[in-house]
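Letter by letter, the chains look like this.
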Amino acid sequence: MSYIYDFWDDFISLLFPRLCYACGDHLMRNEHLICTECFVVIPRTNYHLIPENPVAQLFWGRCMIEKAAAFSYYNKDSRIRKLIHNMKYKGIKEIGYELGRIYGLSLKASGFINGIDIVIPVPLHPAKKRVRGFNQSEVISMGIADAAGLSVDIKSLVRKMVSATQTKRSRYERWTNVEGIFQVAETQAVSGKHILLVDDVITTGSTIESCTAELLKYEGVRVSVVALAFAVV
Ligand SMILES: [Zn+2]
């Protein structure tokens, strides 16, 4: 019987080839979304093992963050960039979940997430979420939380709707005006909690800084940060 199944499987993959979302090569029967080679060669930062790592240093003097780390590096032509691109612009949410789950296992094994109470994804602008159909940071958070035995809170931190006056501002003015983009919607849910804030890519750190500034307004809140990739500039 298994021979027939295998034959059928091969026939289907001839018609609809399953390709690795990082390198485009054909996936083997036992591979899912990412081929084994990509899984092995995607560089890990291992920042979760190094307290004073470059992501943590990015926030020094800007906002009080307990711990910060990123899974990989975001470079031009990097496989992680390709994966994130396929997730965000081709709508393959499973990629975010799977990478989050893989990272979550390392975060758990190393003790990085010890003491974390709740996982909160960086909220996506509602208009963007409508177009994309999902928030990429949310699916990454789900993967991390499932692997680490935590839960995800998508209600407590929200992105404010952009007002008409804000949209008239120049791009530079909006960029410098990161303070006040986010809002805690449920004070009780965050007070006294150690929050793991999750983003897809950390570049300048301004989004994380803005989220953290809002969260730290509430009593007893502590914030740690992880992302799938760190853009080295
Ligand atoms: Zn591959």
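The rules behind each value
- Residues numbered from 1 in each chain as written.
- Predicted model: local features only at pLDDT ≥ 70, side-chain atom pairs only at ≥ 80, totals over all residues.
- Heavy atoms only, no water.
- Core = buried A, V, L, I, M, F, W, Y, C linked by side-chain atoms within 4.5 Å.
- Buried < 20%, exposed > 50% of the residue type's maximum accessible area, 1.4 Å probe, protein only.
- Helix = DSSP H or I, 4+ residues; strand = E, 2+ residues; numbered from the N terminus.
- Lys, Arg positive; Asp, Glu negative; His and termini not counted.
- Salt bridge = Lys/Arg side-chain N within 4 Å of Asp/Glu carboxyl O.
- Contact = heavy atoms within 4.5 Å.
- Donors = N, O, S within 2.8 Å, 3.2 Å for Na, K, Ca; no water.
- Tetrahedral: all angles 85-135°; square planar, octahedral: opposite > 155°, others 65-115°.
- Axes fitted to C-alpha atoms, helices over the stretch in contact; angles between N-to-C directions.
- Parallel < 35°, antiparallel > 145°, perpendicular 65-115°, else oblique.
- Left-handed = near helix turned anticlockwise from the far one by under 90°.
- Nonpolar A, V, L, I, M, F, W, Y, C, P; charged D, E, K, R; others polar.

Novice: Is there a simple way to think about the nonpolar core in this case?
Specialist: Considering soluble globular proteins, one finds that nonpolar side chains tend to be buried as a cluster. One finds Leu 196, Leu 197, Leu 215 and Val 226 to be the most contacted residues of the largest nonpolar core, which totals 64 residues. Broken down by element, the residue count for this core peaks at seven residues, all from strand 6 (residues 222–230).

Novice: What exactly am I supposed to notice about the side chain of Glu 31 here?
Specialist: Note on placement: Glu 31 falls in the loop between helix 1 (2–15) and helix 2 (36–41). For the buried Glu 31, no salt bridge is present, and the opposite-charge side chain at shortest range is Arg 18, 6.4 Å distant. In contact with Glu 31, other than residues within four places in its own chain, are Arg 18, His 26 and Thr 36.

Novice: Looking at this structure, I do not really get the coordination of the zinc ion. What am I missing?
Specialist: Ideal coordination angles are 109.5 degrees for a metal with four donors arranged tetrahedrally and 90 or 180 degrees for a metal with six donors arranged octahedrally. Distances from the zinc ion to its protein donors, Cys 20 (SG), Cys 23 (SG), Cys 35 (SG) and Cys 38 (SG), fall within 2.3 Å. If you look at the zinc ion, its four donor atoms make angles of 104 to 116 degrees with each other, and the shape they trace is tetrahedral.

Novice: Quick question: what am I supposed to make of the packing of helix 4 (residues 79–90) against helix 5 (residues 93–110) here?
Specialist: Contact geometry for helix 4 and helix 5: axes closest at 7 Å, N-to-C directions at 135 degrees. Considering the angle they form, helix 4 stands oblique to helix 5. Between helix 4 and helix 5 lies a crossing of left-handed hand. Along the contact surface, helix 4 presents Ile 80, Leu 83, Asn 86 and Met 87, while helix 5 presents Ile 95, Gly 96 and Leu 99. Tallied by class, residues from the contact of helix 4 with helix 5 come to five nonpolar, two polar and no charged.

Novice: Mind showing me how you'd approach the pattern of salt bridges here?
Specialist: In total, this model carries eight salt bridges according to the counting rule given. The salt bridge involving Lys 76 is made with Asp 77; its shortest N-O contact spans 3.9 Å. Judged on exposure class, the residue Lys 76 and its partner Asp 77 are both exposed. Close ionic contact of Glu 138 with Lys 129 constitutes a salt bridge, the shortest N to O distance being 3.3 Å. The exposure class assigned to Glu 138 is buried, which follows from its relative accessible area of 18%.

The values are spatial; any link to function lies outside them.
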